[in-house]
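Working through the structure, step by step
Residues per chain, in single letters:
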Amino acid sequence: MMKKKIEKIIVIILAAVLLLEGCAPEGKNTGEQDSAAAGQAAADGAKEKKAEKDEGKQAAKNAAAPEIGGLTYESTMELTYAECFDVYYYEGGYALIDVHDSARYLVSPEGKETPDSIDESIIVLQQPFNKIYLAATSAMALFDAMDALDSIRLSGTQASGWYIDNAVAAMEAGEILFAGKYSEPDYELMLNEECDLAIESTMILHTPKVQEMIEMLDIPVLIDRSSYESHPLGRTEWVKLYSVLVDKEEEAAAFFDEQAKVISDLKDFQNTEKTVVYFYISTDGLAVVRSAEDYIPEMIEIAGGRYAFSDLADESGKASVPLTMETFYDTAVDADYLIYNASIDQPIGSIDELTAKSELFADFKAVKEGNVWSTGKSLYQATDIVGQLIRDLNLMLTEGDAEDMTFLHKVE
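Here goes a summary of the coordinates provided. (Residues numbered from 1 in each chain as written. Predicted model: local features only at pLDDT ≥ 70, side-chain atom pairs only at ≥ 80, totals over all residues. Heavy atoms only, no water.)

Turning next to the pattern of salt bridges. Applying the stated criterion across every chain yields a total of 8 salt bridges. Linking D265 and K261 is a salt bridge whose minimum nitrogen-to-oxygen distance equals 3.2 Å. Of this pair, D265 and K261 both sit in helix α9 (residues 249-265), 4 residues apart, which is roughly one turn of the helix. For K261, a relative accessible area of 41% puts it in the partly exposed group. Taken together, the salt bridges that share partners define one network made up of E273, E301 and R306. (Salt bridge = Lys/Arg side-chain N within 4 Å of Asp/Glu carboxyl O. Helix = DSSP H or I, 4+ residues; strand = E, 2+ residues; numbered from the N terminus. Buried < 20%, exposed > 50% of the residue type's maximum accessible area, 1.4 Å probe, protein only.)

Next up on the list: the pairing of strand β2 (residues 85-90). Burial analysis of β2 places 6 of its 6 residues in the buried class, the great majority of the element. Burial of the side chains of β2 extends over both faces: F85, V87 and Y89 are buried on one face and D86, Y88 and Y90 on the other. Across 3 bridges, the pairing between strand β1 (residues 73-76) and β2 is antiparallel. Note on β2: the bridge partner recorded for T76 is Y88. Examined bridge by bridge, β2 and strand β3 (residues 94-99) share 6 bridges and lie antiparallel to one another. Note on β3: the bridge partner recorded for Y89 is A95. (Pairing = 2+ DSSP bridges.)

A few words on the sheet that holds strand β5 (residues 122-126). With respect to topology, 5 strands assemble into an open sheet ordered β1-β2-β3-β4-β5, the strand pairing being mixed. The open sheet has two edge strands with one neighbour each: β1 and β5. Between one strand and the next, the sheet's axes are offset by a mean angle of 25°, whatever the strand orientation. Helix α8 (residues 238-246) rests against β2, β3, β4 (103-108) and β5 of the sheet, and its axis sits at about 145° to β3. (Axes fitted to C-alpha atoms, helices over the stretch in contact; angles between N-to-C directions. Contact = heavy atoms within 4.5 Å.)

Moving on: the packing of aromatic side chains. Under the defined criterion, the tally for this structure stands at 14 aromatic pairs. Measuring from centroid to centroid gives 6.0 Å for Y73 and Y90, while their planes differ by 75°, and the two rings are edge-to-face. One end of the pair, Y73, is in strand β1; the other, Y90, is in strand β2, and 17 residues separate them in sequence. By relative accessible area, which is 29% here, Y73 ends up partly exposed. Assessed through its relative accessible area of 2%, Y90 is described here as buried. Here F309 and F328 contribute two aromatic rings whose centre-to-centre distance is 5.9 Å and whose plane-to-plane angle is 10°, an arrangement assigned as stacked. Of this pair, F309 sits in the loop between β13 (305-307) and β14 (320-323) while F328 is found in helix α11 (residues 325-332), placing the two residues 19 residues apart along the sequence. Residue F309 is classed as buried on the basis of its relative accessible area of 6%. Through successive ring pairs, a cluster of aromatic residues spans F279, Y307, F309, F328, Y329, Y340, F361 and F364. (Phe/Tyr/Trp six-rings, centres within 6.5 Å; stacked < 30°, edge-to-face > 60°.)

Right, let's get into α8. The buried fraction of α8 is high, at 9 of 9 residues. For α8, the full list of buried residues reads W238, V239, K240, L241, Y242, S243, V244, L245 and V246. One or two steps after α8, the chain reaches D247, where phi turns positive at roughly 55°.

The next point concerns the sheet that holds strand β9 (residues 197-201). Pairing is parallel in the open sheet, where 5 strands are placed in the order β8-β7-β6-β9-β10. Each end of this open sheet is capped by a strand with a single partner; those strands are β8 (177-178) and β10 (221-224). One ladder, built from 4 bridges, connects β9 with β10; its direction is parallel. What sits directly across from I199, in β10, is L222. The strands that α8 touches are β9 and β10; relative to β10, the one it contacts most, it runs at about 165°.

Right, dumping it as structure tokens:
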């Protein structure tokens, strides 16, 4: 009797074990399964929250659409990363561009009149635009990306100052003329060429009389504030703003989606936890780094690194923060990587050139381990391929092939 009871108990235990094994996937125990399920649930929940947040943000933008007498609101442009502007569409092909903390512009289609009841503060931009004076260098690549260089007639930069091949070719062919830099434009040439719009960077705010003079010539001024975008692709998304001026919305959207794919490709990449310093040395010997709120630190994070000056902020809101070498040394000396920002200063070709700027660099961990890199001069103008820099950073952090990089090169 006892033997039969024992056999029965053994059968029950075996059946229970088999049942449990049948419930768990091969190679995983139930604890791992629960953990994976919890992780997936958290990821799905985060996605749902982001989607709800984006929907709420878009709904708020739609509700904030300015009322313009005589025009009927239709929709608001959907933006993924840009936060410094919005575009509102109205029936009849009209669009209102709102550049935050700057001005609003009503883009009026060719052959159509401007509503009489428009607010006096709104600047009217009458299409078509084919004689633009472009003084905001960061915008040239965006016009080039959507095949709209024929809209630009005048440049605030000479051919020798451009790193964009098509812009150089257009200037050499006489299709784009040099009309003086932003602070000293050639007003006579602007008049003779019948300039229809001046696109300026925020540098024009330092020379307000120049802006006043351009506007006195009946040439509207649009100030590009893309440099204030906190996300790296926020600057690139300004291509959508310019597409409204030249009727290239579809081309701009397709181009931007391709650049945004870089981020989606890296979304599951585990951070390396390696620290990165992005800087240059000014003529007065200060180390100029980026504020933690700038788009460069964000790019480093997306690429899989940690920005060494993660707590650094400038009270004035500036992206660049100058530090004494002693202050810079305290944080940067132990960083895993140094990247020299040659888009502002001249590129450095060797470690000797770096230590010539300060002997303190000889103590830096990155210098000792051979992890010093430099950007090229073309970086600031390359707003159309910002995603390539994120790829470069990822290759650097993962010891990828330097030959596959676009902007970075190793300093030996």
